Amino acid sequence: MPAPGWSPLRRLLLRLAVLGIATSWGPADFGSRCCGTLSAEALEVKAGASLTKDEAFALLKAAGGEKAWSAFEEDHSLLEFAFSDQATFPTPSGGLPSAGKVMSESPYVTVFDDFLTEKECDFLRSFARSRLSPALVVQSGDNWYDTQTQTRNNEQHWLTPQEEKSVPALRHLLKRMHRASRVPDEHAEALQIGRYNVSTKYEGHLDTDPPHRVARPMTLIIYLADVGSGGDTLFPVGRNDCTAVWHEDKESNQRTYGAATCCATPEKDAPETVRVSPKLGRAVLFFNHRPDGSVDQQSKHIGCPVVAGEKWIAQRWFRFEPYNRVAYGIGTPGFDARFDGVPPEPALQRDSSSEGFWKVSDIGPRVFLQRSFVDDLVHSHLLRLAEATLASSGTVDECWLDPEAVVADDTLRSLAERARQFARLPPHSEAPAVLRLRRLRTGSDGEHLHRDSPPPPSAPGAGGQAAQLASVLVYLRVPADGGHVVFPEALQSKSNPLACGRVGDDAQDDLAACCASEGMLKLRPSRGDAVLLYSHDVEGKLDERSSHIVCPVAAGESLVAEFSFIFPNFVSASGGAAAKAASASQPVVEFENVRREVLQLFWVPPAGGEEAAMGELPAGPHSVRPFTSFAGHVFHVRDADGNLLQEVSRLDPLVEARSRSAPSPISECR
C-alpha cells in the first residue's frame, strides 16, 4: 500500500540521482528532448511550387513555429524557401571543407566568411523576431537563470527541437554547423537567436561554466546581419582595461563601466588580442576547453556594444555529451546523402553536389572523409617521399617520420597544419604532428583489429600516458581490390563483430570473414582523399568503437600517409569526463509509469509560456524514462487526452514526487 497522503496515481515516481551532465538554460532545456509527432517528410515544398497564405501558415504550425507567423504574414516567400526539399539547398563557400581561417592559436579561433547565405540569415531573423525576450544569465547555484542587465542586456530566442527537426532549412544549416565543428549532432544545445540594439552588449564572460554544470567545449557564433558600427566579438587577450568593473580615463576623468572603452579603442589592441567584426553570414568557431578538457581562460570574450544599427547572431553551444538529442541519422528526414554516410566507391561517379566532404559517422566512432585533400603536386611529392623513405628504412611496410623531419620539409609542414585544422585540434607545442607511411602490397594480410590510441611503441612520442587523439590518413594509392577500412564495433555496424577478433588478440580473428560481412561500416577512399578518424571522443575519453581493421589487399597496392597527433602524458580532466567536472550533484529525473497507458511528459518553462513536449512515457507497468535536470525544474504528466495527471515541482535529491492528480483507476501497486 502507498504511504498515507499519497495520491492513488499508483507510483508514477520521480527518482533523482546524482548523475549526468549539465542542462541548458531557457526554453531549450527539456524541450530539446522531444521528438515531435509529425512526419518531417511531409513538411517540404517541391521545387518550383508556391504556397498560398493558408498553406504557409499550416506548414509553420505543423513545425511548431506558429508564433513566428507575424513575421511572414505579409510575405511568406521565406517560408517557401525554408520548407523546400532539403536536397536542393546549396552550401555556401564558407561551409566547404577548405573554408576557415585560423585567427588565433590561443584562444583557438577560426573564422568562416559566407558560412550562411543571405536568405538563410533573413529566415533566422524573421523566425525569431516576434518571439524575442530579455536574455538571461546564470547567476549562482540557487539563482540559475535570471536577468542581469549590467552584464548582458540583449534579447534572445531559443528554437525548439520540433522546429530543428521539422524545418528543412534549419536541418540543413544546423548539420553544416556540426560538420564544421566535427561535433556529433546530438552534442549541442538548441540554437539561440539573439538581437543587440544600440548600446546593448555582453560583458566579458566564458561560455563554459563547469562549476554550474554548463560544460561547453566549443561555441559557434554566426552573424545574421551587417552592423552599422560596433558589435565586435572581442577576445581581450593582452589588455587589462576590459574587465566588468568601473574604469576611469585619466585624460578625460570620465568613468565607464566594463568593456565600453576597450571595445572602442582597437588601436590599443595587443598583438594577441582577437577582434572579429560582424558581417552577414560570417561564423566564428572558438574552443572553450583544451583537448584534455581543462577550461581555456583565454576564450573569455566580449560582445561589444552596438554603436549604430542592429546586431543579430545565431549561437550554437556544443556539449561534451549527448544533450539536445536532435540527430539526423540514416532513415531520418534530416539525412542527406550529399554529406552523410559512406560516400560512393571510387569506381562510381561522384556527385558534384557533395562538395567533397562526408560525415561518415559522427559518434561511435567519429569518422569524416574529404575528397581531393591533396592536389596533384602535393600527391606527387608524397609519393616520391614514400618510395624513397620506405626503401631506405629497410622495411617494406611502414616507417615513421618524427616531428623534426616533418617540419624540415616545407610541403609536409604545410600539409600537417592542414591536417590539424581538418581535425579541429588546437595547436599544441607538446603534440606536433608525426607522419607514418604505410604500404600494403597484393597478398598482404592487411591490419588486424586495433585502435590508434595509445600509439604503437614504434611511433615517435609513444610511451607513458601518450594518447593519439586523432589521425588524418591521406590515400596516395588505392588497391583495385581490397584494402577497405572496417569498423566492426561502430554503432552503424549491424553484423556480429566477433569474426573480426579482439584488439590485441590477432590469433582469434578472421580478416577475410570480417571484411566479407554484410552490415559492417566499411570505407574505401579514393586516391587523394583524406580520412579523419578520432580515437577519443569529445570529452577526451578513449573511444572503444574506434577500433578498425584494414582488409587484405587482393590486387594492387595501398599506400597511405598518416598524420598523427600524439599528446604525451595525456590526462583528461576528471578522467576524461570534462562535462562532469564539478557536477557531481547534477540530478537525473527518472519517471516510472505503472499505469497501463501511454503518458505524455512536458517541461514547464520557469518564466512561463507553453509546455515543451519531452516525449512519451511508455505504458507500464514499470516503464522508466530518465532526463538530466536540476533543482527547480517543473514537469507535467498528461494522459492521451491531455488531462493533467501530475505536476512535479520538488526536485530535491531522493525525494519522491507526490501526485496532484485525480484518483487513479489502477488498483495494483508495488
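For clarity, every value in this text was computed on a predicted model and none was experimentally measured.

## Some thoughts on the overall build of the protein
- A count of helical and extended segments in the protein gives 11 helices and 36 strands.
- Within the protein, buried positions represent 55% of all 670 residues.
- Restricting to contacts in the protein with at least 6 residues of sequence separation, those with at least 24 account for 78%.

## Topic: the sheet that holds strand E5 (residues 155-158)
- Strand order in the open sheet made by the 8 strands is E2-E3-E14-E8-E17-E6-E5-E4, with antiparallel pairing throughout. Of all the strands in the sheet, the pair left with one neighbour each is strand E2 (101-105) and strand E4 (133-134).
- Of the pairings in the sheet, the one linking E5 to strand E6 (residues 192-196) comprises 4 bridges and is antiparallel in character. Bridge assignment links Trp158 to a residue of E6, and that residue is Gln192.

## Comments concerning the packing of aromatic side chains
- Counted by the stated rule, this structure contains 14 aromatic pairs.
- Ring pairing ties together the aromatic residues Phe357, Phe368, Phe373, Phe422 and Tyr534, which thus form one cluster.
- Just above the ring of Tyr196 sits the side chain of Lys311; from NZ or CZ to the centre is 4.8 Å.

## Focus on helix H5 (residues 168-181)
- With 14 residues, H5 should cover 20 Å at 1.5 Å per step; its first-to-last C-alpha distance of 20 Å lies within 8% of that length.
- Here H5 lies mainly inside the structure; 14 of its 14 residues are buried.
- Positive phi shows up at Arg182, right after H5, with a value of about 65°.

## Section: the sheet that holds strand E26 (residues 521-523)
- As summarised here, the arrangement of the 4 strands in space is E22-E28-E25-E26, forming an open sheet in which the pairing is antiparallel. Whereas interior strands pair on both sides, the edge strands pair on one side only; in this sheet they are strand E22 (447-450) and E26. Neighbour-to-neighbour, the strand axes of this sheet turn through a mean angle of 15°, independent of strand direction.
- Two elements, E22 and strand E28 (residues 548-550), share 2 bridges in a ladder whose sense is antiparallel. Pairing of Glu447 across the sheet is with Val550, part of E28.

## Quick notes on the side chain of Arg424
- Locating Arg424 in the fold gives a position in the loop between helix H9 (410-422) and strand E21 (433-440).
- Buried charge without a salt bridge: Arg424, with Glu417 as the nearest opposite-charge side chain at an N-O distance of 11 Å.
- At 2.6 Å, the side chain of Arg424 forms a polar contact with the backbone oxygen of Ala180.
- Setting aside chain neighbours within four positions, we find Arg424 in contact with Tyr108, Phe112, Ala180, Ser181, Arg182, Leu285, Phe287 and Tyr534.

## Observations concerning the side chain of His205
- Mapped onto the elements of the fold, His205 is located in strand E7 (residues 202-205).
- Under the relative-accessibility criterion, His205 is labelled buried at 12%.
- Once residues within four sequence positions are removed from consideration, His205 is found in contact with Ser299, Lys300 and His301.

## Remarks on the nonpolar core
- Phe123 and Leu124 are the most contacted members of the largest nonpolar core, which has 53 residues in total.
- Contributions of two or more residues to this core are made by helix H1 (53-62), helix H2 (77-82), strand E3 (108-112), helix H3 (118-129), H5, strand E8 (218-223), strand E14 (283-287) and strand E17 (311-317).
- The residues contacting Phe123, other than those within four sequence positions of it, are Phe72, Leu78, Leu79, Phe81, Ala82, Val167 and Leu170.
- Counting 39 residues, the second-largest nonpolar core is a separate cluster that includes Phe373, Leu415, Ala419 and Phe563.

## Re the pairing of strand E23 (residues 467-477)
- Within E23, 10 of the 11 residues are buried, which leaves it mostly tucked inside the rest of the structure.
- In the sheet, E23 pairs with strand E30 (residues 558-567) via 9 bridges, with the strands oriented antiparallel. Within the sheet, the bridge partner assigned to Arg477 lies in E30 and is Leu559.

## Concerning the state of the cysteines
- In the structure shown here, the tally under the stated rule is 4 disulfides.
- With a sulfur-sulfur separation of 2.1 Å, Cys263 is cross-linked through a disulfide to Cys304. Residues Cys263 and Cys304 share a disulfide whose torsion about the S-S bond is about -80°; that sign makes it left-handed. Of this pair, Cys263 sits in helix H6 (residues 260-264) while Cys304 sits in the loop between strand E15 (301-303) and strand E16 (306-308), and the two are 41 residues apart along the sequence. Comparing Cys263 with Cys304 shows no difference in burial state: the two are buried.
- Here Cys515 is linked by a disulfide to Cys551, with a sulfur-sulfur distance of 2.0 Å. On the sign convention where negative means left-handed, the S-S torsion of about -110° between Cys515 and Cys551 marks this disulfide as left-handed.

Definitions and limits used
Residues numbered from 1 in each chain as written. Predicted model: local features only at pLDDT ≥ 70, side-chain atom pairs only at ≥ 80, totals over all residues. Heavy atoms only, no water. Helix = DSSP H or I, 4+ residues; strand = E, 2+ residues; numbered from the N terminus. Buried < 20%, exposed > 50% of the residue type's maximum accessible area, 1.4 Å probe, protein only. Contact = heavy atoms within 4.5 Å. Pairing = 2+ DSSP bridges. Phe/Tyr/Trp six-rings, centres within 6.5 Å; stacked < 30°, edge-to-face > 60°. Lys NZ or Arg CZ within 6 Å of the ring centre and 35° of its normal. Expected span 1.5 Å × (residues − 1). Axes fitted to C-alpha atoms, helices over the stretch in contact; angles between N-to-C directions. Lys, Arg positive; Asp, Glu negative; His and termini not counted. Salt bridge = Lys/Arg side-chain N within 4 Å of Asp/Glu carboxyl O. Polar contact = N/O pair within 3.5 Å; in protein donor to acceptor, adjacent residues only side chain to side chain. Core = buried A, V, L, I, M, F, W, Y, C linked by side-chain atoms within 4.5 Å. Disulfide = S-S within 2.5 Å.

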